[in-house]
Amino acid sequence: MKSLFDDTVAAHYRNDPLAMRVYTSQLLGQSKDLVLHGGGNTSVKIGNTLYVKGSGWNLDTIEKPGFSPVDLDVLITMAQRETLSDSQMVKEQRAAMSDQTFPNPSIEAILHAIIPFDFVDHTHADAVVTLTNTPNGKSLVQQLYGADMLLVDYVMPGFELAKYIADLTRNIDWNSLDGMILMNHGVFTFDNDARVAYEKMIDIVSVAEEYLKAHVTLPSDVRENRADPLLIEALIKEVEPLRGSAIVANVIDSPRAKALSLLPNLQEILHNGELTPEHVIRIKPFPALIGDDITSGIAAFVQAYQEYFNLHASQEHICLDLAPRYAIIKGLGAVALGKDTKESEIIADIVEHTITAILSAEQLGGWKSLTPSQVFAMEYWELEQAKLKK
């Protein structure tokens, strides 16, 4: 991965740290191998204020109004608590904003606050997360990055993660670290110089990309337009009643998608978690698997999803709809199933990146991301459930 930092462009922002934050955030957002559709977050500390990416903004298009101004001391104090629900955290973060016209701060604002550098970058870099999503991922990452990379076992994003890292780093000199890798989640880099923080991310991702290039062989990812329109139409008709809306299909029939569809242990693989945790909000914990009969494939998905919900839910949980967000069709590839064109394209993007990651991980010992209970905790996160209850 190459740095896109341009000294000529950056010169316009030298005396405006928030403008520089916007610039390098957009550079990160330009690569779908780093972040997808709202993923990742960045921040800058100016005086006693943390300007952190706000809810609803994408890094590739973010501007100054997308960075919520939050009192830094309040956030640091929040990290010292023993417990804090994420809904209460969101309320208190909002109350600590100096301007209430800005969006809600990222749920990882506390974590950004406790990292003692001006510029903090966080991505869900495909190459790095692919390596962590293997049975020996932690030892592999340790081998590649050495002792100066802080490795953090998976912890639910939000207050729990911020608290965990605050405790973990209590006796660690942050200046000795090259970065931080969150297993099954993503990467953090940081520095008092925006360019250095950004290029640290590029360097970390490049190491993982070079390792994958040397150890993994993948088919082409070019789509081939081999799908039977009647098959896709039949699939849509099965899914629409489950979603309660019209469905727009987006066919992914690349050689990679076909290769995935033919893996012998596909059912097991697809129940081993997402590429990065938040993807479950978009694509559910697993897809429908379609063999010879579409109706039975969709019915099997509904049964499996209901069993997943019943196993992990408590009384207060509200079950989401039973419609798959995508299907894997044996011998063809995948089909994204969104309620409109935009959602279908977002799902297709995530699925294509997931397919590449799974095929790569399978050549490195197997695909192993989050457990079903960890996936459920993210999909049925209290803040998402609160929206349904309203």
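A brief report on the enclosed structure follows. Throughout this document, residue positions are counted from 1 along each chain, in the order its sequence is written. In view of the model being predicted, local features appear only for residues whose pLDDT reaches at least 70, and side-chain atom pairs are presented and counted only at 80 or more, with totals across whole chains, interfaces and linings using the full set of residues. With hydrogens and water stripped out, all remaining heavy atoms of the structure feed into the side-chain values.

### Quick word on the packing of helix H7 (residues 137–145) against helix H9 (residues 194–215)
Here's step 1: For helices, the fitted axis covers only the stretch in contact; all axes are lines through C-alpha atoms, and the angles between them, taken along N-to-C directions, range from 0 to 180 degrees. The way it works is that DSSP assigns letters per residue, a run of H or I at least four long becomes a helix, a run of E at least two long becomes a strand, and they are numbered from the N terminus. Running from N to C, H7 and H9 cross one another at 115 degrees; their axes reach a closest spacing of 11 Å. Looking at the two axes, H7 sits roughly perpendicular to H9. The two elements H7 and H9 meet at a crossing, and its hand is right-handed. From H7, Leu140, Leu144 and Tyr145 reach across to H9, where they touch Ile204, Val207, Ala208 and Tyr211.
Here's step 2: Only Asp, Glu, Lys and Arg are considered charged, only Ala, Val, Leu, Ile, Met, Phe, Trp, Tyr, Cys and Pro nonpolar, and every remaining residue, Gly among them, polar. The residue inventory of the contact of H7 with H9, partitioned by class, reads seven nonpolar, no polar and no charged. For this classification, under 35 degrees means roughly parallel, over 145 means roughly antiparallel, 65 to 115 means roughly perpendicular, and everything else is oblique. Crossings are classed by handedness, with left-handed meaning an anticlockwise turn of the near helix from the far one by less than a right angle and right-handed meaning a clockwise turn. The contact rule is simple, with two residues in contact once any of their heavy atoms fall within 4.5 Å.

### Topic: the sheet that holds strand E11 (residues 333–338)
Here's step 1: Across the sheet, which stays open at both edges, the four strands sit in the order E8-E11-E10-E9 with mixed pairing between neighbours. Only two strands of the sheet have a single neighbouring strand rather than two, namely strand E8 (248–252) and strand E9 (288–290). Shown here is a sheet whose adjacent strand axes are inclined to one another by a mean of 25 degrees, direction ignored.
Here's step 2: Any two strands with at least two DSSP bridges between them are considered paired. With three bridges connecting them, E9 and strand E10 (residues 326–329) associate as parallel partners. Bridging across to E10, Ile290 finds its partner in Ile329.
Here's step 3: The sheet contacts of helix H10 (residues 229–243) involve E8, E9, E10 and E11, and relative to E11 the element is tilted by about 40 degrees.

### Examining the environment of Asp191
Here's step 1: The topology assignment puts Asp191 in strand E7 (residues 186–191).
Here's step 2: When a residue's accessible area, from a 1.4 Å probe over protein chains only, is under 20% of the maximum for its type it is buried; when over 50% it is exposed; and in between it is partly exposed. The class of Asp191 is buried, set by a relative accessible area of 17%.
Here's step 3: Each C-alpha atom of the pair Asp191 and Asp71 lies 20 Å from the other, and the pair is 120 residues apart in sequence.
Here's step 4: If we skip the residues at most four places from it in the chain, Asp191 touches Phe117, Asp118, Phe119, Val196, Ala197 and Lys200.
Here's step 5: A distance of 2.9 Å separates a polar atom in the side chain of Asp191 from the backbone nitrogen of Asp193. Here a polar contact means two N or O atoms within 3.5 Å. Within protein one must be a hydrogen donor candidate and the other an acceptor candidate, and residues neighboring in sequence count only if both atoms are side-chain atoms.

### So, empty space enclosed by the protein
Here's step 1: For cavity detection a 1 Å grid was placed over the protein atoms alone, and a set of points counts as a cavity when a 1.4 Å probe fits there but cannot get out; an open set counts as a pocket when protein lies on both sides within 12 Å along at least five of seven lines, with lining residues being those that have an atom within 4 Å of a point. Grid points are joined across faces, edges and corners, and a volume is the space filled by probe spheres set on the points. Using the criterion set out here, one finds two cavities of 30 Å³ or more in the structure.
Here's step 2: Roughly 50 Å³ of volume is contained in the largest cavity.
Here's step 3: Taken together, Ile269, Leu270, Gly273, Glu274, Ile283, Pro285, Phe286, Pro287, Tyr326, Thr354, Ile358 and Trp367 make up the lining of the largest cavity.
Here's step 4: One number sums up the size of the second largest cavity: a volume of about 40 Å³.
Here's step 5: Of the residues assigned to the lining of the second largest cavity, the class counts are four nonpolar, three polar and three charged.

### Considering a nonpolar patch on the surface
Here's step 1: Patch membership requires more than 30% relative accessible area and the absence of a salt bridge. Residues of like charge join within 9 Å; the nonpolar side chains Val, Leu, Ile, Met, Phe, Trp and Tyr join within 5 Å. Each accessible area is a Shrake-Rupley estimate made with a 1.4 Å probe; only the visible protein chains count as cover when residues are assessed. A carboxyl oxygen of Asp or Glu within 4 Å of a side-chain nitrogen of Lys or Arg is what we treat as a salt bridge. Where nonpolar side chains cluster on the molecular surface, the patch consists of Tyr164, Leu168 and Ile172 and spans about 220 Å² of accessible area.
Here's step 2: The class of Leu168 is partly exposed, set by a relative accessible area of 34%.

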